[in-house]
Amino acid sequence: MAAVYKSLSKSGSKAEKDTENNGTVERKNKQRVLILSSRGVTYRHRHLLNDLAAMLPHGRKDAKFDSKSKLYQLNELAELYNCNNVLFFEARKGKDLYMWFSKVPNGPTVKFYAQNLHTMEELHFTGNCLKGSRPILSFDGAFESEPYLRVIKEIFLQIFGVPQGARKSKPFIDHVMGFSVADGKIWVRNYEIREVEKVKGDGGGGDDDNGEGEEKHSGRKGKGGGRDTDISLVEIGPRFVLTPIVIQEGAFGGPIIYENKRFISPNKIRAELRRAKASRHVARMEQQRDTLARKRNLGLIDGQKKDQTGLDTRELFA
């Protein structure tokens with residue numbers, strides 16, 4: 001009991017000092033993300049979920065969610081685990097993956113169709129980053145062009161932006177998450193910030209000019225004055241492409257405030273492909289039937305023997 005009282009008194013004295021110094025209490029960005037999937041996910045979906053969970057130290061993984069129709073129950077689950085963001089992987093027919101980004105409990109909720117998935121294990125990139133480090137979120141300028149893209153940008157900031165001092169986070173920033181918009185889709189990439197020190201070349205009066213040029217190129221100058229830090233980006237993974245489908249006003253419910261008219265369901269695409277194959281088969285069978293009828297009319301096929309036996313298909317199934 002004394003230890004609890006001591007900790008509470010320390011927190012109270014710290015808050016009083018903050019109010020005395022600044023006049024206002026420092027606002028903390030408290031974000032926690034609940035990460036879970038539905039039944040029927042493939043190994044690639046599961047590995048992608050594990051990669052994203054490792055990149056989000058303020059996230060909490062949970063067991064698979066059984067229901068696909070009662071997604072509003074995720075609000076209660078997030079409240080139970082004290083999370084205000086939900087990242088839900090919904091698998092359909094063992095091949096399609098839909099990702100739900102929701103702000104609990106008041107919304108909004110964005111539904112994406114994920115494709116071109118590549119996990120860190122299958123890419124084998126040379127880049128690497130510290131587990132639990134904070135990322136720099138880089139957004140394309142197109143996110144400011146449309147209102148629905150602004151909503152998506154804010155959702156990404158809340159979920160992928162690791163707050164300072166978050167749970168299991170490290171005080172380092174060593175990777176960049178890039179979000180770009182092209183062809184109505186959002187392309188997500190992850191890069192390592194690689195810093196390599198390089199030695200300046202010896203020279204006379206041209207050292208200053210070369211030094212200035214190298215500083216512009218590298219963006220950072222070393223402590224010794226004779227070394228520069230060359231900064232480059234090396235892709236780590238994972239990488240995936242998101243196609244926005246709908247944006248709901250509430251958390252896993254409510255009226256639809258945006259709907260992508262250009263999105264075509266993968267089920268419809270597969271149905272059209274099957275229908276095209278079936279139409280080719282039907283056309284080929286009709287062509288064969290017309291050929292047989294033409295030969296029969298010309299007397300090229302002797303059908304009297306079949307007619308005499310009475311086992312002709314046209315007579316049996318007439």
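This structure is a prediction, so every number in the text was calculated from the model and none was measured.

## Some details on the environment of Pro 171
Item 1. Here Pro 171 lies in the loop between helix H5 (147-160) and strand E7 (173-182).
Item 2. We classify Pro 171 as exposed; its relative accessible area is 72%.
Item 3. Along the backbone, Pro 171 and Gly 132 are 39 residues apart, and their C-alpha atoms lie at a distance of 8.7 Å.

## Some details on a nonpolar patch on the surface
Item 1. Residues Leu 292, Leu 298, Leu 300 and Ile 301 make up a contiguous nonpolar surface patch of about 400 Å² in total accessible area.
Item 2. Of note, Ile 301 is situated in the loop between helix H7 (266-297) and helix H8 (304-309).

## Description of the confidence of the model for the protein chain
Item 1. Predicted confidence across the protein chain gives a mean pLDDT of 81, with 78% of residues reaching 70 or more.
Item 2. Within the protein chain, strand E10 (residues 239-248) carries the highest mean pLDDT (96), whereas helix H6 (residues 207-218) carries the lowest (42).
Item 3. Note on residues 1-6: pLDDT is under 50 here. Beyond four places in sequence and across chains, it has zero contacts.

## Observations concerning the pairing of strand E1 (residues 33-37)
Looking along a regular strand, one sees the side chains alternate between the two faces of the sheet.
Item 1. Of all five residues that make up E1, five are buried, and the element is covered over most of its length.
Item 2. Side chains Val 33, Ile 35 and Ser 37 of E1 all project onto a buried face; the interleaved residues Leu 34 and Leu 36 project onto the opposite face, where all are buried too.
Item 3. Both E1 and strand E2 (residues 59-61) contribute to a ladder of three bridges, which runs parallel. Within E2, the residue paired with Leu 34 across the bridge is Arg 60.
Item 4. In terms of handedness, the path from E1 via helix H2 (residues 43-55) over to E2 forms a crossover that is right-handed.
Item 5. Here E1 runs beside strand E3 (residues 85-92); their pairing, made up of five bridges, is parallel. Pairing of Leu 34 across the sheet is with Val 86, part of E3.

## Description of the environment of Arg 262
Item 1. Inspection of the secondary structure puts Arg 262 in the loop between strand E11 (256-259) and H7.
Item 2. In this structure, the C-alpha to C-alpha distance between Arg 262 and Gly 184, residues 78 residues apart in sequence, is 8.6 Å.

## Section: the pattern of salt bridges
Item 1. If you walk through the whole model with that rule in mind, you get 13 salt bridges.
Item 2. The closest approach of N and O atoms between Arg 44 and Glu 122, which form a salt bridge, is 3.2 Å. Within this pair, whereas Arg 44 is found in helix H2, its partner Glu 122 is found in helix H4 (residues 120-123), the two being separated by 78 residues in sequence.
Item 3. Ionic pairing is found between Arg 60 and Asp 62, a salt bridge with its closest N-O pair at 3.8 Å.
Item 4. Through salt bridges that share partners, Glu 144, Arg 150 and Lys 153 make up one connected network.

## Quick notes on the pairing of strand E5 (residues 109-118)
Item 1. Most of E5 is tucked away, with seven of its 10 residues classed as buried.
Item 2. With six bridges connecting them, strand E4 (residues 96-103) and E5 associate as antiparallel partners. Residue pairing across strands places Tyr 98 opposite Tyr 113, the latter belonging to E5.
Item 3. Hairpin geometry of E4 and E5 is characterised by an intervening segment of five residues between the two adjacent antiparallel strands and by a positive phi of about 90 degrees at Gly 107.

## Comments concerning helix H3 (residues 73-80)
Item 1. Along H3, the positions that sit buried rather than exposed are Leu 74, Asn 75, Leu 77 and Ala 78. End-on view of H3: buried residues confined to an arc of 165 degrees, all on one side of the axis. Across from the buried face of H3, at angles greater than 90 degrees, the exposed residues are Glu 76, Glu 79 and Leu 80.
Item 2. Turning to H3, the residues buried within the fold contact E1 and E3.

Thresholds, definitions, all that
- Residues numbered from 1 in each chain as written.
- Predicted model: local features only at pLDDT ≥ 70, side-chain atom pairs only at ≥ 80, totals over all residues.
- Heavy atoms only, no water.
- Helix = DSSP H or I, 4+ residues; strand = E, 2+ residues; numbered from the N terminus.
- Buried < 20%, exposed > 50% of the residue type's maximum accessible area, 1.4 Å probe, protein only.
- Patch = residues over 30% accessible without salt bridge, like charges linked within 9 Å, V, L, I, M, F, W, Y side chains within 5 Å.
- Areas by Shrake-Rupley, 256 points an atom, 1.4 Å probe, with all protein chains shown as cover.
- Salt bridge = Lys/Arg side-chain N within 4 Å of Asp/Glu carboxyl O.
- pLDDT = per-residue confidence, 0-100.
- Contact = heavy atoms within 4.5 Å.
- Pairing = 2+ DSSP bridges.
- Right-handed = clockwise from strand over helix to strand, strands pointing away.
- Arc of directions from axis to C-beta.

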